[in-house]
Amino acid sequence: MNRNEAALSVSGLRRAFPMGRGVPDLVAVDDVSFELAPGGSLGVVGESGSGKSTVARMLVGLERPDSGEIRVAGRTRGVRERGRAARLRRAREIQLVFQNPLESLDRRLTAAQCLHHVLRLHGAERAEADRRALELLEQVGLGAREAEARPHRLSGGQRQRLAIARALAAGPSVLVLDEAVSALDVSVQAQILRLLARIREESGVSLVFVSHDLAVVGQVTDEVLVMYRGRAVEHGPTRRVLREPEHPYTRMLASSVPGPGWDPAEVVRLRAEFAATAQA
Amino acid sequence: MTAQSPTGAVTMGAGIRDVRRNGGRGALWVSSGFLVAVVLAALFAPVVAPADPNAIDFGNIWAPPGADHWLGTDQMGRDLLSRVVHGARESLLGPLALLVLASVLGVAMGTLAAWRRGWVDVLLARVTDVMYAFPGLLFVVLVIAVFGSGMTTAVIALGLAFTPIIAKFTRSVALAECSKPYIDAYRVQGVSGLVICLRYLIPNMAPALLGYLVVLFGEGLMSLATLSFLGFGAQPPSSEWGLMVQEGQSALIQGVLWPALVPGAAIALVVVAFNIVGVRVADRLNSRR
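Because the structure is a prediction, the values reported are computed rather than measured. Each residue is numbered by its place in its chain's sequence as written, counting from 1. Labels are handed out in written order, letters beginning with A for the chains and numbers beginning with 1 for the ligands. Local features are withheld for residues below a pLDDT of 70 in this predicted model, meaning they are given only at 70 or higher, and side-chain atom pairs are given and counted only at 80 or more; totals for whole chains, interfaces and linings count all residues.

**Some words on the interface of chain A and chain B**
This is how it is decided: Throughout, a residue-residue contact means that the two C-beta atoms, derived from backbone geometry, are no farther apart than 7 Å. Helix and strand labels come from DSSP, where a helix needs a run of H or I of at least four residues and a strand needs a run of E of at least two; each type is numbered from the N terminus. Residues are grouped as follows: Ala, Val, Leu, Ile, Met, Phe, Trp, Tyr, Cys and Pro are nonpolar; Asp, Glu, Lys and Arg are charged; every other residue, Gly included, is polar.
Facing 20 residues of chain A, the contacting portion of chain B comprises 15 residues. For the side of chain A that touches chain B, the elements supplying multiple residues, two or more each, are α2 (84-93), β6 (94-97), α3 (101-104) and α4 (111-121) of chain A. Residue contributions to the side of chain A that touches chain B peak at five residues, all from α2 of chain A. In terms of residue class, the side of chain A that touches chain B is made up of 10 nonpolar, three polar and seven charged.

As structure tokens, then:
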């Protein structure tokens, strides 16, 4: 692999949903492009309906882009690829961690079985899979007791740890997290974010962190992409974008985060100002 | 969850439905205990039955219940208790076989429709609609007219008649299940559609499906008994329960109750017991999620 090659490179991604006869299509994602360095971390932020989740689903292949290209380590991900080898290779390129950990885990499988299945699918021998499953569980901070538990016996944080371990089990080069900590309470959020930072450091996996929460994105990403109504309105180093936002929408988002010196009236003023510019 | 029989043989009154829903724990235990007893009696019929079910004794026709014949005898002097016990084999195996056939076809169709959506779903919906709209009993009689009567034909015909019901139910369960992100997660992992359906989707639907199938078992037993009663199913000298009721008709005209009442009560009790157990099992398994 070329050293300077991006781990993930997205260009001109577009997806529209038909809304029925006589109604114009809803353009969920419009001309979104970005690059992610190996081991890098990118935040995709925006409010509900900004198209950020559609981007995440297109990255892993759950949604098909109308146009645009997704390249992982220089290889274009095909729109339609058939066959077992192609399917497994795609899975090893990008993995996804879902928002709701309980719903995204199979309730019939224990934590160890859940990982075992993924490892076996991706070519591990039985004994090797058992060993790796325990290793992965340990890596995300789950012990032997949790290994034998089914999802409903785990806490919210433990479930999301398991979901992260499951995504890592395929050995992906890019990990996409779609609102992965949004359903967790703040102290658990912080633990999961620390875990993700450590995993990124240890394994060199690149992260795409999709979230509505600027505070969370600020903690774990190098770069941030701000989406509004399907378009990328601002893109730059996280530190700069959060401190000195250029786009009025980003300014409004940044000022909406509660913190010291937070002024709700200012948010209202900025939102009105932004709405005025958006209409123009 | 009320199962609709394709032959329309079963109409459930509000009273029975109330018992099924609200009867205490006792109803479930009594019903399952009764069913276990019936199954055991069927399995060990030669041991359990006091006499040979086909031993004719013209000197002892339509005997009332007594010490020699606990439930009396039929028009050929055969022991009714022995016949009902032996008849349990055919009466229970028949519905089991037709449900196996109908669930293999129905679950496959329903799962495929929910999984593929699009034209596959539309096609299957049309096929099941046509099969649904066509009167089940008429369909079964038609099949029997073509292939001849007998238990095997009746089971296959009824199996086909039950298929759209199971397909429809499976489709609705599968649609709800497919919308859950864990199915998406399997796709992202690179698992093939066929493996997701067979290894993960269907096992996750199993609790809902099993409860429904137990209720349908009662309906199947009833429908098969109806066919035998009409002369399309089991043939003499079998002691299948529907056939026994039919043979008991001549006794009824003479004012002798037992030969028709004994198999009739057997059918009724087993069907009600399966309904109670089926609904309870479905409720319990669903609430465990």
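**Details of the domain arrangement of chain A**
The extent of an interface is frequently quoted as the accessible surface area lost upon association of the parts. Residues and elements named next belong to chain A. For clarity, the threshold we go by: Here the bounds of each domain stem from an automatic or database domain assignment.
Under the domain assignment, chain A is made up of domain 1 (8-244) and domain 2 (245-280). The distance between the C-alpha centroids of domain 1 and domain 2 comes to 28 Å. Taken residue by residue, the interface counts 10 residues in domain 1 and eight residues in domain 2. Sorting the residues of the side of domain 1 that touches domain 2 by element identifies α9 (214-220), β9 (223-228), β10 (231-237) and α10 (238-243) as the ones contributing at least two each. Of the residues that constitute the side of domain 1 that touches domain 2, the class distribution is eight nonpolar, no polar and two charged.

**A word on the pairing of strand β1 (residues 8-17) of chain A**
All names here are of chain A. Threshold: Between any two strands, pairing holds if DSSP finds at least two bridges.
Pairing of β1 with strand β2 (residues 26-36), which is carried by seven bridges, proceeds in the antiparallel orientation. In the strand pairing of β2, Arg-15 is matched with Val-29. With five bridges connecting them, β1 and strand β4 (residues 67-72) associate as antiparallel partners. Looking across to β4, one finds that Leu-8 is bridged to Val-72.

**A closer look at the pairing of strand β3 (residues 41-45) of chain A**
Residue and element names in this part refer to chain A. Rules: Residue burial is a threshold on neighbouring C-beta atoms within 10 Å of the residue's own C-beta, all placed from the backbone, with 20 or more meaning buried, 12 or fewer meaning exposed, and counts in between meaning partly exposed.
When you tally the buried positions in β3, you get five out of five residues, the bulk of the element. Bridge count for β3 against strand β8 (residues 206-211) is five bridges, and the pairing is parallel. Following the sheet pairing, Ser-41 is matched in β8 by Leu-207. Direction of pairing for β3 relative to β9: parallel, over a ladder of four bridges. Looking across to β9, one finds that Val-45 is bridged to Val-226.

**Section: unusual backbone geometry**
The peptide bond linking Pro-236 of chain B to Pro-237 of chain B adopts the cis configuration, its omega dihedral lying at 5°. Within the element layout of this structure, Pro-237 of chain B appears in the loop between α9 (193-229) and α10 (241-253). A positive phi is found at Ala-73 of chain A, a non-glycine position, where the angle reads about 50°. Position of Ala-73 of chain A relative to the elements: it lies in the loop between β4 and β5 (75-76). When the 16 C-beta atoms within 10 Å are taken as the criterion, Ala-73 of chain A is described as partly exposed. Backbone geometry places Arg-117 of chain B, a non-glycine residue, at a positive phi of 50°. Its 12 C-beta neighbours within 10 Å are what place Arg-117 of chain B among the exposed residues.

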